[in-house]
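# Examination of the molecular architecture
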Amino acid sequence: MLTNKEKSYLRGLAQTRRALFQMGKDGMTINLIKTMEDSLEAHELVKVALLKTCPLQVKEAAEEMAAATQSEVVQVIGKTFVLYKRSKKNKLGL
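Before going into details, it helps to say that this report is about the structure given with it. (Residues numbered from 1 in each chain as written. Predicted model: local features only at pLDDT ≥ 70, side-chain atom pairs only at ≥ 80, totals over all residues. Heavy atoms only, no water.)

Take the sheet that holds strand 1 (residues 21-23) next. Pairing between sheet strands relies on hydrogen bonds along the backbone, with the strands arranged either parallel or antiparallel. Across the sheet, which stays open at both edges, the 4 strands sit in the order 1-2-4-3 with mixed pairing between neighbours. Edge positions in the sheet fall to strand 1 and strand 3 (72-77), since each of these pairs with one other strand and no more. Put simply, the sheet's adjacent strands are angled 25° from each other on average, direction ignored. Bridge count for strand 2 (residues 45-50) against strand 4 (residues 80-84) is 5 bridges, and the pairing is antiparallel. Bridging across to strand 4, Leu45 finds its partner in Tyr84. (Pairing = 2+ DSSP bridges. Helix = DSSP H or I, 4+ residues; strand = E, 2+ residues; numbered from the N terminus. Axes fitted to C-alpha atoms, helices over the stretch in contact; angles between N-to-C directions.)

So, in structure tokens, the structure goes:
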């Protein structure tokens, strides 16, 4: 569980990053979940953008993806959300 201070730090880091993934009309697929898990292990912090065609709402997609990848939702803004999962190497130092 992240503290508010840690979330604030991660939000600052995420602000300068581009969305690595886009969710479209297919929503959450098994391939997207597997790729997201790999990306979370590599980067620890992942930004996801939802397209207009996505059948899920942003908060719903963020919570479901966090549950599927055992990560935590850092931020939800507009059609974008940010997930964090500590990797084995702990690259961000949290």
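Counting residues in each nonpolar core, the largest one holds 18 residues, and the members touching the most others are Met23, Met36, Val48, Leu50, Met65 and Phe81. Within the second largest apolar cluster, 9 residues are counted, among which are Leu2, Ala14, Leu45 and Leu94. (Core = buried A, V, L, I, M, F, W, Y, C linked by side-chain atoms within 4.5 Å. Buried < 20%, exposed > 50% of the residue type's maximum accessible area, 1.4 Å probe, protein only.)

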